[in-house]
Every structure is written in structure tokens, then in C-alpha cells.
Amino acid sequence: MSSSSRPLPYSVKDVHYDNAKFRHRSFFKVITQSLFIGNFKRGCMSFSTGKFLAALMIFGIVYLMLTHTSPSYSVPSGLAKVIRSNKEDKGIDGGSSFRRLWRRAPRLPPRLPPDEKGGNGSFIQEPMKTKLDSEWIGRQQKVKDAFIHAWSGYKKYAFGYDELMPLSKHGTDGLGGLGATIVDALDTAMIMGVDEAVSEAGSWIEKHLLDRILQKGQVNLFETTIRVLGGLLSAYHLSGGEQGINITSKGPRPIVYLETAKNLADRLLSAFTSSPTAIPFSDVVLRDSSSHPAPDGLSSTSEVSTLQLEFNYLSTVSGNPNYSMEAMKVLEHLKTLPKVEGLVPIYISPQSGEFSGENIRLGSRGDSYYEYLIKVWLQQGTNHNANWTYLHDMYVEAMKGVRHLLVRKSIPNGLTFVGELPYGSNGEYSPKMDHLVCFLPGTLALGATKGITKERAMKDNLLTFEDLENLKLAEDLAKTCFEMYSVTSTGLAPEIAYFHTQEFYESGLDGGNKSSEYVDDIIIKRADRHNLLRPETVESLFVLYRITEDPKYREWGWQIFEAFEKYTKVNSGGYSSLDDVTMLPPRGRDKMETFFLGETLKYLYLLFGESSVIPLDKFVFNSEAHPFPIKGTI
């Protein structure tokens, strides 16, 4: 937290006023009370000694009547304990009858039948809580069942390939041939307790992955780092490596995951060491540990700045600082480059080390740059020092820039959205918002409270005014992301949406759900109507539920999950992307992305479960939902 920021203990909407203090009195009451007070004052002025003695005698009689033993009631023993406890808590002396003269007698709670025992005074709430808990446990089990169905399809038709093509029932290697679905899904299976999948994935990794790494050709540095390297390192921790939490006894020894991760990372390092600048090349040839830039010579800003969580953690558990040192050079270099109110273009040149073009957006090629600024800082935990504070400062400046330059409201109903500046801050604003931007509500909430609940942060006076602004923006954007789902015929979001503004509108391009309140606010162009089973919205719902504890985020997540089940589930196994979310029935797109198992289902499962599982103040999730421990917390 910046030392120059002034903490604000609360916002006005968080103060629960006692409304009775502000009720208006009627004109009749004003007159009658004035007359009564006036008569009372005159009576007091003419109060004689005789009148005083008479009043004193009446007062004594009333006192004796009130303090006389009252008829006994049969009070259940549990309730009696609660009453005694309440008296002690409030400092009420049971023998002090005089005080009761001036206080209205409390209403006793209704007596319960002998078989309805309450604890801690929760006579009505407890059964309701149990019902709600069992409901969410059941829903969490549905997500686990979905994972098992997705895994079964992959195992049957595509095991060892990167991805399943569920409609044609075979596998494809679109990510370099490292069995990406296996590694991406492994820690999800661990968290869910799907032991069979943990054993199958772990056995394949032990027997085959190292050979794949030694033999395979070109891979993308970013995708391989977040999915495969990240998946291996998370599995290492969750299986008990480096005093990890050891939530599974299945699969190989943790050291297998670590040694495989080190071998992969050693080859990926060539992207950093071969570049003439601190900006790594985008592609690596694994079998000979060489690397080269993309065909156009540029790297994505998000890709070069979304490697640090993984390489930092590998340095921590391996004892080799080189991994972290190479990756952190990127962020240290980005700190020195000119920005637009903290915002950066989406391309950067490894040859020159400078940004290329002026396109600013938080969608593809820009998104996780902002995510990792705050997460890499959080990863250091209590070890924050002057060498890392620049990350927090860059994040704070960038979020100010987002609020100032990119956030707008739609018409007619005022949905908050984040647009783009394709030609820089001096160019025309575009009301285009990728589904990928829906990572931002979760990141904003995480940056505001640092992973603890909003209630605790408020109580401990930890939130600045800016934190509260970011938290409010997070909630507003989460609603928009959810409405991008509910506005369509299928209840699933398109890949890209546009928003109706004063300057931009195209008719005839709504989501198809005419009953949606926001059907006129959201525009979905025909080329953007596909759904890839993406995780960003449910990721933000998970983070916001953990931080705000507002049950609506769970309910929204359940509606999204039901839509996935209804329209993307393939009976023979797996789930399919969709071609057009506005059409019923939707056509399937023959691909199940690895992130459906690695991210989407994991976040849904955690959303419906206990907040003590992978807590946000002890873990940071990488951009592929692989959790790494925060230093000093575990």
C-alpha cells in the first residue's frame, strides 16, 4: 500500500444506520408532545411537599409490584443458557431489578420442540444454513462430475495429445505436443480429489513427458510456461513438494514434477538468453534449446510479462536464482518504458526492447500484463522490499489509467464496460470488450484487499479510497461479464462483445435473449459469436465471492455452469466449444481447450466450495489457474 495513500475506514454504503434515529415525526406528534412537555414543566414549577410525598408513596407501590416474583415459565435448558449468556455479554445483573423498571421487557424467542435443538442461539438460521451448505456441496459435486466426463472423453480419444476434438473423437497437438491437457488438468484433479485422473496423469508425466520435451520442436514460450511449466510446479506443491500441502497420495513422488519442470525451464530460458534485449523471443525449439522471434519479429506484451510467477516459484523450490533473474528482467525493463497513464501497447520488439504501435487494450495480447503486476508483487508475501514495490506502483497507475481512459457505460441501461484505444490515447475509442477482459474484476478485487475478505479489510482499516473505487469497479464489471452470458439465447458469452454508446450502435445484432434487460446494450457481431469454454468470468466470480462473500456470485456461476452442461456437453465424452451462442440449438466447434479442465471447471468447483481451500491470502493463481504459495504464508 502506498505510504502516501490515506486509508478510509469505510464507505457510506457500508455503514448500517439505525433508521429510527432519522424517522420524521408527524405534525400531530409535534403538537401533542409540545403540549405535554409544556404542561409537565408547569406542574413541576408548582410541585408542593404534599404532592411530592404522595408521588413517592405511589412510586414505592409500583416498585413492589414490578419486583414481585413473576409466574414461572418452562424454558428449555438450551434457551436458558442462551439467555444467561446474553445477560453476561451485556453486563446485566440478574438481581438488579431496579434497572428493569426503566427498560421494556425483552421478547422471549419462541419455545422449540424438544427435537429442534439450536446452537449459539441459531434456532432458525442453522437448519437453513445446513440446507444451503448441502445445496452447494451438491452443486460442487456436479462440477466434479463434469470434470470426470471431460477427462473420460480426453482419455478415451486423445490421451497423450494436447487437446481433444470431442465431435470427431480424436486428439490434436496444437500446443507443441507436450500432452498439455494432462498437465493442465492435473492440479484440478488433485483439488477435486479425482484420484483416478491424478494417477493416470501423474503416471503419463513420469513415463513420457521428459521424452517429449527432449524430442519436440517449436513451442510458444508463453503458452508452454503458463500451462505446462505452471501445471508441473503446482502439482509439485499440491503433492507435498517443498513442504507443500500434500492433498493427494496418488501419482509419482513430487520430485518427478520438479525435475521435469526444471528440464523444461532450462530449454525455455533460451528465449531470454538469445534475445539482444531483456524482452524474450516468442518461440522456442525444445529439442535443441534454441529460440527465435515470431514471423513479424514482435512479441505480445502480455506474453513476455506473464512468465514471472512460474519462474520465480521455480527458483524458490530449486534453489537456482537464474530462472527468476531472467524473468524479472522483463518487468524491470518494462518499468523504464513510456506509458499512457500506466497503460501499454499490446506489442513489443525483442530486437529494440521498445513498444510497437499504439494499440491499447485489456483483451488479447494485453490482458495478463496487468494481472501479473499485482500478482508477482503479492507472491512475495511478507518479504516485500524496495526492489519489488515498483510492481505495485505500476499496477496502481495502470488501474487509474483504466478508470480514466477505458471505462465507459452503455446505453440505455448503463452497463460498465472496458473499451479499447486501437490508435492510442489520441485516437478514436472503441466500445469493444473481449471476454478475456473479464479477468479484470477478479484482479481489481484481489488488488484491493490483497486476498482477504472485504469485511476484514474494512474492520482493520486496510482499504484506501482508491481500493474502494477499484472494488466497486470490480463488482460493476463482474455484472457486465455475467450479462454477456445471460443476454444470449444459450446463456453463454460470445468471444467479443460491443456496447451501445452515443457514438456506436448496430441494429439487429443482439444476443437473442429478448427477455434480457440488456438486450439493447450489448451488440454481438457475427464473427464474434463463438464460445471457447473460457474461464475469465467464472474466475472473477470466484475471486469476488471469496472477497465480498456475496452469494449472488455463486448463483451467477451456477447459471453459467448449467448453460455449459446444457449446450456444450458431448455424450460420448468431453465438452465442445460453440460456433454461435445466439443460435438454438448451437453448433459445436470441434475442440475442447485445455483451459476448460485447467481453469473453468477448477474455478467453478472452488466457487461452490469452502473458502479455506486454496485461500487467496496464501496462494496466487497464475494466468492458467495453477496455484502457487505466497512466500511466508505456508
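Starting afresh in each chain, residues are numbered from 1 along the sequence in its written order. Given that this is a predicted model, residues contribute local features only at a pLDDT of at least 70 and side-chain atom pairs are listed and counted only at 80 or more, while totals for whole chains, interfaces and linings are drawn from all residues. Processing note: side-chain calculations cover all non-hydrogen atoms of the structure and skip hydrogens and water entirely.

Considering helix H16 (residues 440-449)
The element H16 is largely enclosed, with a buried count of 10 among its 10 residues. The buried label goes to any residue with under 20% of its type's maximum accessible area, the exposed label to any with over 50%, and the partly exposed label to all in between, with areas taken from a 1.4 Å probe on protein chains only. We count a stretch as a helix when DSSP gives it H or I for four or more residues in a row; a strand needs E for two or more, and each element gets its number in order from the N terminus. When we look at burial in H16, the residues that qualify are Leu440, Pro441, Gly442, Thr443, Leu444, Ala445, Leu446, Gly447, Ala448 and Thr449. Contact definition: two residues touch when any of their heavy atoms are within 4.5 Å. Where H16 is buried, its residues meet helix H14 (367-379), helix H15 (389-406), strand S10 (416-418), helix H17 (454-459), helix H18 (465-486) and helix H19 (536-548). At the exit of H16 stands Lys450, carrying a positive phi of roughly 60°.

Remarks on the environment of Gly241
Tracing the chain through its elements places Gly241 in the loop between helix H8 (221-238) and helix H9 (254-268). The exposure class of Gly241 is buried, given its relative accessible area of 4%. Linking Gly241 and Leu258, residues 17 residues apart in sequence, is a C-alpha distance of 8.3 Å. Look past the residues within four positions of Gly241 in its chain and what remains in contact with it is Tyr236 and Pro254.

Quick notes on the packing of helix H20 (residues 552-567) against helix H21 (residues 594-607)
Helix axes are fitted only over the stretch in contact, all axes being lines through C-alpha atoms; the angle between N-to-C directions runs from 0 to 180 degrees. Across the interface, H20 lies against H21 with an axial gap of 9 Å and an inter-helix angle of 135°. Taken together, H20 and H21 sit at an angle that is classed as oblique. For the element pair H20 and H21, the recorded crossing hand is left-handed. Between H20 and H21, the residues in contact are Tyr553, Arg554, Gly557, Phe561 and Phe564 and Phe596, Thr600, Leu601, Leu604 and Leu607, respectively. Roughly parallel covers angles under 35 degrees, roughly antiparallel covers those over 145, roughly perpendicular covers 65 to 115, and oblique covers all other angles. Handedness of each helix crossing follows the sense of rotation of the near helix against the far helix: counterclockwise by less than a right angle gives left-handed, clockwise gives right-handed.

A short note on unusual backbone geometry
Omega for the bond connecting Ile411 with Pro412 falls within 30 degrees of zero, at 10°, which places this linkage in the cis form. The omega torsion across Leu584 and Pro585 is -10°, close enough to zero to call that bond cis. Mapped onto the fold, Pro585 is located in the loop between strand S14 (577-578) and strand S15 (588-589). Despite not being glycine, Glu549 shows a phi value in the positive range, around 60°. According to the relative accessible area criterion, Glu549 is partly exposed, its value standing at 44%. For Ile614, which is not glycine, the phi torsion reads 50° and is therefore positive.

Looking at the sheet that holds strand S13 (residues 522-523)
Each pair of strands is called paired provided DSSP finds at least two bridges between the two strands. Within the open sheet, the 3 strands sit side by side as S11-S12-S13. Their pairing is antiparallel. Here the strands that pair on one side only, and so sit at the sheet edges, are strand S11 (432-434) and S13. Note: strand S12 (residues 496-499) against S13, 2 bridges, orientation antiparallel. Pairing of Tyr498 across the sheet is with Ile523, part of S13. In this fold H18 packs onto S11, S12 and S13, with an angle of close to 110° to the strand it touches most, S12.

Here we look at the sheet that holds strand S7 (residues 347-348)
Within a beta sheet, neighbouring strands are joined by backbone hydrogen bonds and run either parallel or antiparallel to one another. With respect to topology, 3 strands assemble into an open sheet ordered S6-S7-S8, the strand pairing being antiparallel. Only two strands of the sheet have a single partner each, and these edge strands are strand S6 (299-300) and strand S8 (355-356). Pairing geometry for S7 and S8, over 2 bridges, is antiparallel. Bridge pairing links Ile348 to Phe355 in S8.

As for the UniProt feature "binding site: Ca(2+)" (unreviewed entry) in the protein chain
As recorded in UniProt, the sites labelled "binding site: Ca(2+)" (unreviewed entry) are Ser623. Along the chain, the position of Ser623 falls in the loop between strand S16 (619-621) and strand S17 (627-629). What Ser623 contacts, discounting residues up to four positions off in sequence, is Ile226, Thr306, Ser368, Glu371, Tyr372 and Glu599. Engagement of the side chain of Ser623 in a polar contact is seen with the side chain of Glu371, the distance being 3.3 Å. UniProt positions are given in the numbering used here, feature names are shortened, and annotations may be inferred rather than shown by experiment. Under this definition, polar contacts are N or O atom pairs within 3.5 Å; protein pairs additionally need one hydrogen-donor-capable and one acceptor-capable atom, and for neighbouring residues in sequence, both atoms have to be side-chain atoms.

Some points on a nonpolar patch on the surface
By definition, no residue in a patch forms a salt bridge, and every one has over 30% relative accessible area; like charges are joined within 9 Å, nonpolar side chains (Val, Leu, Ile, Met, Phe, Trp, Tyr) within 5 Å. Only the protein chains shown count as cover for residues, with accessible areas throughout obtained via the Shrake-Rupley method and a probe of 1.4 Å. By convention in these notes, a salt bridge is any Lys or Arg side-chain nitrogen within 4 Å of a carboxyl oxygen on Asp or Glu. A cluster of nonpolar side chains, contributed by Ile245, Ile247 and Ile634, occupies part of the molecular surface with about 230 Å² of accessible area. Within the secondary structure layout, Ile245 lies in the loop between H8 and H9. Classification of Ile245 by relative accessible area gives partly exposed; the value is 33%.

Here we look at the pattern of salt bridges
Scanning the entire structure with this criterion turns up 26 salt bridges. A salt bridge links Glu371 to Lys375; the shortest N-O distance between them is 2.7 Å. Residue Glu371 and its partner Lys375 are located together in helix H14, separated by 4 residues, close to a single helical turn. Residue Glu371 is classed as buried on the basis of its relative accessible area of 3%. Between Asp510 and Lys514 there is a salt bridge; the shortest N-O distance is 2.7 Å. Connected via shared salt-bridge partners are Lys400, Arg403, Glu466 and Glu469.

Remarks on the nonpolar core
As used in this record, nonpolar core signifies buried Ala, Val, Leu, Ile, Met, Phe, Trp, Tyr and Cys residues forming a set joined through side-chain atoms within 4.5 Å. Counting residues in each nonpolar core, the largest one holds 155 residues, and the members touching the most others are Phe147 and Phe311. Counting residues per element, this core draws most heavily on H8, which supplies 10 residues. Residue contacts for Phe147: discarding those within four places in its chain leaves Ala185, Thr188, Ala189, Met192, Val194, Ala197, Leu597 and Leu601.

Details of H19
With 13 residues, H19 should reach 18 Å at 1.5 Å per residue; the first-to-last C-alpha distance of 18 Å fits that figure. Burial within H19 is extensive, with 13 of its 13 residues counted as buried. One or two residues past the end of H19 sits Glu549, with phi positive at roughly 60°. What a helix should span is 1.5 Å times the count of its residues minus one.

Description of the pairing of S12
Of the two faces of S12, both are covered, the one formed by Ile496 and Tyr498 as well as the one formed by Ala497 and Phe499. By the bridge criterion, 3 bridges tie S11 to S12 in an arrangement that is antiparallel. Its bridge partner being in S12, Met433 is matched across the sheet by Ala497.

Regarding the environment of Ser572
In this structure, Ser572 sits in the loop between H20 and S14. Excluding residues within four positions of it along the chain, Ser572 makes contact with Tyr157, Pro166 and Lys169.

Describing the packing of aromatic side chains
In this analysis, rings of Phe, Tyr and Trp, with Trp reduced to its six-membered ring, are considered paired at centre separations within 6.5 Å, and the interplanar angle assigns stacked below 30 degrees, edge-to-face beyond 60, and tilted for intermediate values. Taken as a whole, this structure holds 21 aromatic pairs when the rule is applied. Consider the rings of Phe311 and Tyr323, whose centres lie 6.5 Å apart with planes at 40°: the pair is tilted. On the criterion of sequence distance, the pair formed by Phe311 in helix H12 (residues 308-318) and Tyr323 in helix H13 (residues 322-336) is long-range, its members being 12 residues apart. Across this residue pair, the class does not change: Phe311 and Tyr323 are buried.

Concerning the confidence of the model for the protein chain
In the predicted model, the protein chain carries a mean pLDDT of 85, and 78% of its residues have values of at least 70. In the model, residues 64-127 has pLDDT below 50 throughout and makes 24 contacts with residues more than four positions away in sequence or in other chains. pLDDT gives the predictor's per-residue confidence on a scale running from 0 to 100.

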